[in-house]
Amino acid sequence: MTDTHTPTGAQSPEERRKLARRSVLAAGSVAVTAVGVGSAFAASGGTATEAATGAATSASASEGACYTLTSELVEGPYYIDADKLRQDVTEDQAGIPLHLTLKVIDAETCKPLRNAAVDIWHCNASGVYSGYEAVGSGGGGTPPTGTPPTDAPTGTPTGPPPGGGGGHQEPTDDTRYLRGTWHTDRHGQVSFRTVFPGWYQGRCVHIHVKVHVDGEWTDAGYEGGHTCHTGQLFFDEKSVLLSAEVEPYASNATTRTTLDEDSIYPDNGHEGGLLYLRYDRHHIARGVRAHLTLGVEPDETNDG
C-alpha cells in the first residue's frame, strides 16, 4: 500500500511537488500552532512543566508576565528600616496564618533577582502597626493615646488615608511584630510566615513591601544598595469578608474600607499588587497561602 502523504518514485514529478508542498504547509501549520500556544503561555508566565501537566490557570499565568511592571505605591508613615532579618514575623500576634511567597524578577529581562532584600510590614488583626502602638489604628484596636500621624484626617479628607500616604512617623515603641526582611533565592523567591492583616480607618486590607538590590548581607543585616520597588499587596473582598467572621478580626469594630473604595489600590489587578490566594472557603481560619510575582526595574530607585 502506498503512503499517500509521502512522495514516492511511482508518482510523477508534478504529483511529488504537490504532495511535498502539502506536507510542508501541514508541518508549518502545526509549528505555527505550537509556537502560538507556547508564546502565549511563555508571555503569560507559565512554565513548560505547568503546560504539560495543565496545572497553571489563566490567572496564575498572567501573574508572571515579565514585561509588566508592578505598580509603585506610597511607602506609608509606618516603615521601619530593615532590622529584623527573619521569615517568620508572627511573634505573638493572633490571627489567620498566612504564608506569603513573592517572586522578584527584572521586568525587562525576565530574569529572577537573586539575593535581593525584601521587606514586608503590616498591621495586626486590630489594625495596629508594631512600633506605633501609641498611635493606635485610627479607629480599630487600641485607641490613639499619642500624637496622631501627620496625614491622619482632621476634618474633610484631602489626601491619602492613614497608613497609606506619605509623611514618615518616628516609632513610638520597640515592638516589631509583623515586620521582617529576608533575601530572595536563586529563583528570585522569598517566603514569609505571618497572619492575615486586619484593617483600620480609611484603608483596605493590605501588606507593605519593599525590594532592595545592590547591597551586601552582613552580620548586622543588609547594608547599602538602593530600593528598586516600593509597593503594597492587596486581598480580594471575598477573602476579607471570610476573615471578618473569625476572631480576633470579628472584634475589629472599625468601619472597613473595601478594595474598590481604597484610594491607594490602583485598581489594576495583580499588576497593582492584588495577591493570588488559596484557602478553604469553609475554614479560612486554617490558613491562607498567597503569592505574587513582582516585576521591578533593578536599576531604578523607587523608595516610595
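Rules behind the numbers
- Residues numbered from 1 in each chain as written.
- Predicted model: local features only at pLDDT ≥ 70, side-chain atom pairs only at ≥ 80, totals over all residues.
- Heavy atoms only, no water.
- Helix = DSSP H or I, 4+ residues; strand = E, 2+ residues; numbered from the N terminus.
- Buried < 20%, exposed > 50% of the residue type's maximum accessible area, 1.4 Å probe, protein only.
- Contact = heavy atoms within 4.5 Å.
- Areas by Shrake-Rupley, 256 points an atom, 1.4 Å probe, with all protein chains shown as cover.
- Phe/Tyr/Trp six-rings, centres within 6.5 Å; stacked < 30°, edge-to-face > 60°.
- Lys NZ or Arg CZ within 6 Å of the ring centre and 35° of its normal.
- Salt bridge = Lys/Arg side-chain N within 4 Å of Asp/Glu carboxyl O.
- Pairing = 2+ DSSP bridges.
- Axes fitted to C-alpha atoms, helices over the stretch in contact; angles between N-to-C directions.
- Core = buried A, V, L, I, M, F, W, Y, C linked by side-chain atoms within 4.5 Å.
- pLDDT = per-residue confidence, 0-100.

Student: Please explain the overall build of the protein chain as it appears in this structure.
Tutor: If you tally the helices and strands in the protein chain, you get 4 helices and 8 strands. In the protein chain, the order of α-helices and β-strands from amino to carboxyl end is α-α-α-β-β-β-β-β-β-α-β-β. Split into buried and exposed, the 304 residues of the protein chain put 44% on the buried side. A fraction of 76% describes how many contacts in the protein chain between residues 6 or more apart in sequence connect residues 24 or more apart. Entry remark: accessible area of the protein chain is about 15,500 Å², with carbon and sulfur atoms responsible for 52%.

Student: Help me understand the packing of aromatic side chains in this model?
Tutor: Aromatic ring pairs are reported here in terms of the distance separating the ring centres and the angle at which the planes meet. Per the stated rule, a full pass over the model turns up 8 aromatic pairs. Among the aromatic residues, those joined into a ring-pair cluster are Tyr78, Tyr129, Tyr132 and Tyr200. Sitting over the face of the ring of Tyr79, Lys210 holds its NZ or CZ atom 5.0 Å from the ring centroid.

Student: What's the story with the pattern of salt bridges in this structure? I'm lost.
Tutor: Oppositely charged side chains can pair when the atoms bearing their charge come close. All told, the structure shown has 5 salt bridges when counted by the stated rule. Residues Arg256 and Glu237 are paired through a salt bridge, measuring 2.6 Å at the closest nitrogen-oxygen approach. Taken together, the positions of Arg256 in the loop between helix 4 (237–243) and strand 7 (276–278) and Glu237 in helix 4 put the pair 19 residues apart, joining distant regions of the chain.

Student: Please explain the sheet that holds strand 5 (residues 206–218) as it appears in this structure.
Tutor: Sheets are built from strands paired through backbone hydrogen bonds, the pairs being either parallel or antiparallel. With antiparallel pairing, the 4 strands of this open sheet are ordered in space as 3-2-5-6. The sheet is open, and its two borders are formed by strand 3 (179–183) and strand 6 (221–234), each paired with just one other strand. Across the sheet, the mean angle from the axis of one strand to that of its neighbour is 20°, orientation sign disregarded. With 5 bridges connecting them, strand 2 (residues 117–121) and strand 3 associate as antiparallel partners. If you follow Asp119 over to strand 3, its bridge partner there is Thr181.

Student: Help me understand the sheet that holds strand 7 in this model?
Tutor: An order of 4-1-8-7 is seen for the 4 strands of this open sheet, with the pairing classed as mixed. Two strands lie at the open edges of the sheet, namely strand 4 (189–195) and strand 7, each paired on one side alone. Within the sheet, the average angular offset between the axes of one strand and its neighbour, ignoring direction, is 20°. Inspection of the sheet shows strand 1 (residues 97–106) paired to strand 4 by 7 bridges, in the antiparallel sense. Across the sheet, residue Leu100 finds its bridge partner in strand 4, namely Phe192.

Student: Just checking my understanding: could you explain the nonpolar core for this structure?
Tutor: Taken as a class, soluble globular proteins show a tendency for nonpolar side chains to be buried jointly. Counting residues in hydrophobic clusters, the biggest one holds 40 residues, and the most contacted among them are Leu102, Leu233, Phe235 and Leu294. Contributions of two or more residues to this core are made by strand 1, strand 2, strand 4, strand 5, strand 6, helix 4, strand 7 and strand 8 (288–296). It is strand 8 that contributes the most residues to this core, 5 residues altogether. For Leu102, the contacting residues outside a window of four places in its chain are Val118, Gly188, Gln189, Val190, Val209, Leu233, Leu292 and Leu294. Core analysis: the second largest hydrophobic core is formed by 9 residues, Tyr79, Ile80, Tyr132 and Tyr200 among them.

Student: Would you mind going over unusual backbone geometry with me for this structure?
Tutor: Excluding glycine, most residues fall at negative phi; most peptide bonds, likewise, are trans. In this model, Glu247 is joined to Pro248 through a cis peptide bond whose omega is 5°. You can see Pro248 is positioned in the loop between helix 4 and strand 7. Even without being a glycine, Glu91 presents a positive backbone phi close to 55°. Mapping Glu91 onto the fold places it in the loop between helix 3 (58–62) and strand 1. Within the chain, Leu178 stands out as a residue other than glycine whose phi angle is a positive 60°. Considering the arrangement of structural elements, one finds Leu178 in the loop between strand 2 and strand 3.

Student: Would you mind going over the pairing of strand 5 with me for this structure?
Tutor: Within a regular beta strand, the side chains point alternately toward one face of the sheet and then the other, so they alternate between its two faces. Taken together, the 5 bridges between strand 2 and strand 5 define a ladder with antiparallel strand orientation. Paired with Trp121 across the two strands is His208, which belongs to strand 5. In terms of strand pairing, strand 5 meets strand 6 through 12 bridges, oriented antiparallel. In the strand pairing of strand 6, Trp217 is matched with Tyr222.

Student: Mind showing me how you'd approach the environment of Val135 here?
Tutor: If you trace the backbone, Val135 turns up in the loop between strand 2 and strand 3. Taking the C-alpha atoms as reference points, Val135 and Asp173, separated by 38 residues in sequence, lie 10.0 Å from one another.

Student: So what exactly am I meant to see when it comes to the confidence of the model for the protein chain here?
Tutor: The predicted model of the protein chain has a mean per-residue pLDDT of 78, with 67% of residues at 70 or higher. Every residue in residues 138–164 is under pLDDT 50, and counting partners more than four places away or in other chains gives 59 contacts.

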